[in-house]
Amino acid sequence: MSKASWRTPLLVLLTGTLVSALCIGLRNTFGLYLRPMTETYGWGREVFALAIALQNIVWGLSAPFTGGFADRYGTGRVIAAGGLIYGLGLYLMAYADTPMALMLSAGVLVGLGLSATGFGVVLGAMGRATSERNRTLFLGIGSAGGSVGQFVLVPLSQGFISSFGWSQAMVIASGLALLCAPLAVVLVGKAERPAPATVIASPLAAFREAGAQPRYWLLFWGFFVCGFQITFIGTHLPAFLVDNQIAPTVAAVALSLIGLFNIFGSLTFGYLGGRVSKRKALCALYLTRAVIIALFLLLPLSNGTVLAFAAGMGF
C-alpha cells in the first residue's frame, strides 16, 4: 500500500468495496436487457447470450494480464483505465444496433473493463492493506461489495428501464461505471517484488508452474463451475421468468436477493475461512448449491419458489 497516511486500511476497504459494487453490480444487471434489446432489433436470444459469453471469455483471458499490469504499474492505474473502458463499452452497448457492434461493446470492451476493475485487481489492493490475520475478512467484505452492488443496482436498473427505456438505462449505467476511475486514486500500490530466485521468467512459464499443481486445477474448475452458474442465472433467469408469466419486477427482485443474501454468505464464509478448513467449507457450499438448483427445477414455478431459489443461491 502507498505510504500516504490518508490511505488507511479502512479507506482502502471502503473504496475497494465500492468499486466492486459498481463493477459486479452493473455486470449482474445485463439479464434485464436481454428481452427488451432482442425484441427491439428482432434478434434471437442467442445473439445477446453470445455477447455475454464473449464478455466472460475476454474477462477470463485478460485477467492474468490486468493482474500483471497492476503488479508492475500499480493497481490504481489499472482500475482507472478499466473504469473508462467499462463505461465506454456500456455506452456503445446502448446504441449497438448490429450483432457485431454488440460483440465489440458488450463482449470485448465490457469484458476488458470487468477484468481491470474486478475482484482479481481490487482484492489484491485490499489484501495488501491489512495484516495476514484480517486478510480473509477483508477479502470477504470486498467480495460482499459486489453483492451490495447487485442488491442496489439491479432493481434500480429495472426502474430506469421501466421509466426511460433500456437504451437510456444503459447510458446511465455507463456513467456509473466511469466512477471507478476517480475512486482508483485510493487503490494505489504494487505487489512486493519477489526474491530474485523466485522470479518467473515469463507468463507462459508461470502458467506451466501453476498447471503442474493439482490445487491450481481444483481452483480453476471451482471458479469455472461458479462462473457458469452465476452467469447463466444472471443472463437468462429474468427472460425465463417473464416467459412463464412472472412479472419483470419479480425477476429484478430475484437477482437483487441473490446479491443481498450473498452479502451474508460472503461475510459468513469470509469469517469461517480463517477458522475452519477452507476445503470443507467449499465442499459444503457447492453441495448446497447443487441441492438448491435441483429443487428449483423440480418444484412448481411460482413467485415464492423463485425468491427462495434466489435467496438460497445468493447465500
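Residues numbered from 1 in each chain as written. Predicted model: local features only at pLDDT ≥ 70, side-chain atom pairs only at ≥ 80, totals over all residues. Heavy atoms only, no water.

## Digging into the confidence of the model for the chain
Per-residue confidence for the chain gives a mean pLDDT of 87, with 93% of residues at or over 70. Looking at the elements of the chain, mean pLDDT is at its lowest for helix H10 (residues 203–211), recorded as 80, and at its highest for helix H8 (residues 166–178), recorded as 97. (pLDDT = per-residue confidence, 0-100. Helix = DSSP H or I, 4+ residues; strand = E, 2+ residues; numbered from the N terminus.)

## A look at the pattern of salt bridges
For the structure on display, the rule yields three salt bridges. Among the ionic pairs, Glu-39 bridges to Arg-35, the shortest N-O distance being 3.4 Å. On the criterion of helical spacing, the pair formed by Glu-39 and Arg-35 is a turn pair, its members being four residues apart in helix H2 (residues 31–41). When its relative accessible area of 26% is taken as the criterion, Arg-35 is described as partly exposed. (Salt bridge = Lys/Arg side-chain N within 4 Å of Asp/Glu carboxyl O. Buried < 20%, exposed > 50% of the residue type's maximum accessible area, 1.4 Å probe, protein only.)

## Considering the side chain of Gln-158
Positionally, Gln-158 belongs in helix H7 (residues 132–164). Here Gln-158 falls in the buried class, since its relative accessible area comes to 12%. Setting aside residues up to four positions removed in sequence, Gln-158 forms contacts with Leu-32, Pro-248 and Ala-252. (Contact = heavy atoms within 4.5 Å.)

## Some thoughts on unusual backbone geometry
A positive phi angle is found at Gln-245, which is not glycine, with a value near 60 degrees. Within the element layout of this structure, Gln-245 appears in the loop between helix H11 (214–243) and helix H12 (248–273).

## A short note on the packing of aromatic side chains
By convention here, two paired aromatic rings are described through the distance between centres and the angle between planes. All chains considered together, the criterion is met by 15 aromatic pairs. Geometrically, the ring pair formed by Phe-296 and Phe-309 is stacked, given 4.1 Å between the ring centres and 20 degrees between the ring planes. One end of the pair, Phe-296, is in helix H13 (residues 278–298); the other, Phe-309, is in helix H14 (residues 303–314), with 13 residues separating them in the sequence. With relative accessibility at 15%, the residue Phe-296 sits in the buried group. With a relative accessible area of 6%, Phe-309 lands in the buried category. Chaining the aromatic ring pairs together yields one cluster made of Phe-207, Tyr-216, Trp-217, Phe-220, Trp-221 and Phe-224. (Phe/Tyr/Trp six-rings, centres within 6.5 Å; stacked < 30°, edge-to-face > 60°.)

## With respect to the side chain of Thr-17
With respect to the secondary-structure elements, Thr-17 resides in helix H1 (residues 9–27). The buried category is assigned to Thr-17, whose relative accessible area is 16%. Not counting the four nearest positions on each side in its chain, Thr-17 is found in contact with Met-126, Ile-141, Gly-142 and Gly-145.

## Here we look at a nonpolar patch on the surface
Residues Leu-204, Phe-207, Trp-217, Phe-220, Trp-221, Phe-224, Val-225, Phe-228 and Phe-232 make up a contiguous nonpolar surface patch of roughly 920 Å² in combined accessible area. If you tally residues by element for the nonpolar patch, the top one is H11, at seven residues. Locating Trp-217 in the fold gives a position in helix H11. (Patch = residues over 30% accessible without salt bridge, like charges linked within 9 Å, V, L, I, M, F, W, Y side chains within 5 Å. Areas by Shrake-Rupley, 256 points an atom, 1.4 Å probe, with all protein chains shown as cover.)

## Here we look at the environment of Asn-262
Relative to the helices and strands, Asn-262 is located in helix H12. In this structure, the C-alpha to C-alpha distance between Asn-262 and Phe-69, residues 193 residues apart in sequence, is 30 Å. Ignoring sequence-local partners within four residues, the contact set of Asn-262 consists of Ser-147, Gly-314 and Phe-315.

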